[in-house]
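Structural characterization, general
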Amino acid sequence: MTLVPTYGVLPALGYGTFKRLGDECYGCVTHALETGYRHIDTAVFYNNEIEVGKAIRESGVARDDVFLTTKVWFDCLGAGQVRASAEGSLERLGLDQVDLLLIHWPSPKDEVPLAQYMEEIASLKAAGLTKHIGVSNFTKRHIDEAIEVVGVGEIATNQCELNVTFHNTPIVEHCNSLGIPMTAYLPLARGSVAANGELERLAQKHDATASQIALAWLLAKGHIAIPTSSKKERIEENFGALNISLSAGDLMALDGLGTDNRLVDVEWSPNWDR
Ligand SMILES: NC(=O)c1ccc[n+]([C@@H]2O[C@H](COP(=O)([O-])OP(=O)(O)OC[C@H]3O[C@@H](n4cnc5c(N)ncnc54)[C@H](OP(=O)(O)O)[C@@H]3O)[C@@H](O)[C@H]2O)c1
């Protein structure tokens, strides 16, 4: 079976579960674990923690061998609410600890002071509810403030939109310089990379698919990728990215595909770094 390398504490390739609901979610997570994925990404917001936890518990894979991430939504960042959110997640998952707990988004307009919720999430690691803590959608300013509170070595990852057609360079360079691994969400740009001509050209060369090349680019750059698919064959296809070795020339060609085309920009987004 293909072994998944670890970037920091996270397996470099994971299975994302946004929009996977009910029986479909249970079936997809089960299939991902059968395929060899050992990193599953969920969140309170995804409304699927019950199915994710059941699939992990019933998989036959040892709990210690699966890296499970969940997240605290931004309406639960007030005093005591981060802990209550994590406790609710553990109850739905049917587990007594997650591997990684993330702040899903910084508090919009700093309604809740960052120091308050970062202190609270750090206390949950100390209390054993999670093995590691991290952040998501944090800008350079949020990262710097979080480091002031918990210390740079405590932030296991910053999960952000990042793919071969959207390099998100300012925050990637900032986190790289601090040694904080990036986890790439929308690693397939919601599936649009599959029709990219340059990716298709490289795919032919590697006897691979365009989506696999897109994921291989992220892995080669040292980023963790968490693609999702509702289809068994694509869950397997995406896992196959681990077997692709891109040359320096391939990487140079792929580095040229970056655009400013951010897909996730919502009313609660922070002021993105540009
Ligand atoms: N922290 C955050 O704020 C945040 C935000 C968004 C997402 N996330 C996480 O990141 C994960 C991934 O992001 P995402 O699901 O939005 O986007 P994504 O993984 O970039 O794209 C998923 C889409 O690509 C299609 N797809 C998957 N594999 C494919 C393949 N091999 N060839 C062609 N199309 C393929 C899927 O369609 P089919 O189902 O038809 O295959 C699906 O529509 C989420 O599941 C979630 O865990 C986090």
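Predicted model only: the values in this text are computed from it and were never measured.

With that out of the way, let us pick up helix 7 (residues 197-206). Listed in full, the buried residues belonging to helix 7 are Leu-199, Leu-202 and Ala-203. Mapping the buried residues of helix 7 onto a view down its axis gives an arc of 110°, with all of them on the same face. Residues of helix 7 that are exposed and point over 90 degrees away from its buried face: Gln-204 and Lys-205. Capping of helix 7 at its N-terminal end is provided by Asn-196; its side-chain oxygen lies 3.0 Å from the backbone amide nitrogen of Glu-198.

Within the fold, Ile-133 resides in strand 7 (residues 130-136). Sequence spacing of Ile-133 and Gly-94 is 39 residues, and the spatial spacing of their C-alpha atoms is 20 Å. Aside from chain neighbours lying at most four places away, what touches Ile-133 is Leu-100, Leu-101, Ile-121, Ala-122, Lys-125, Val-150, Glu-154, Ile-155 and Ala-156.

A word on helix 4 (residues 114-126). For helix 4, built from 13 residues, the straight-helix expectation of 18 Å at 1.5 Å per residue is met to within 8% by its first-to-last C-alpha distance of 19 Å. Listing the buried residues of helix 4 in full gives Leu-114, Tyr-117, Met-118, Glu-120, Ile-121 and Leu-124. The arc that holds every buried residue of helix 4, seen down its axis, measures 160°, which confines them to one face. Residues of helix 4 that are exposed and point more than 90 degrees away from the buried face comprise Glu-119 and Ala-126. Of the surrounding elements, those touching the buried residues of helix 4 are helix 3 (81-93), strand 6 (98-103), strand 7 and helix 5 (140-150). Two residues or fewer past helix 4, Gly-128 is found with a positive phi of approximately 90°.

What counts and how
- Residues numbered from 1 in each chain as written.
- Predicted model: local features only at pLDDT ≥ 70, side-chain atom pairs only at ≥ 80, totals over all residues.
- Heavy atoms only, no water.
- Buried < 20%, exposed > 50% of the residue type's maximum accessible area, 1.4 Å probe, protein only.
- Helix = DSSP H or I, 4+ residues; strand = E, 2+ residues; numbered from the N terminus.
- Arc of directions from axis to C-beta.
- Polar contact = N/O pair within 3.5 Å; in protein donor to acceptor, adjacent residues only side chain to side chain.
- Contact = heavy atoms within 4.5 Å.
- Expected span 1.5 Å × (residues − 1).

Geometric values such as these leave the question of function open.
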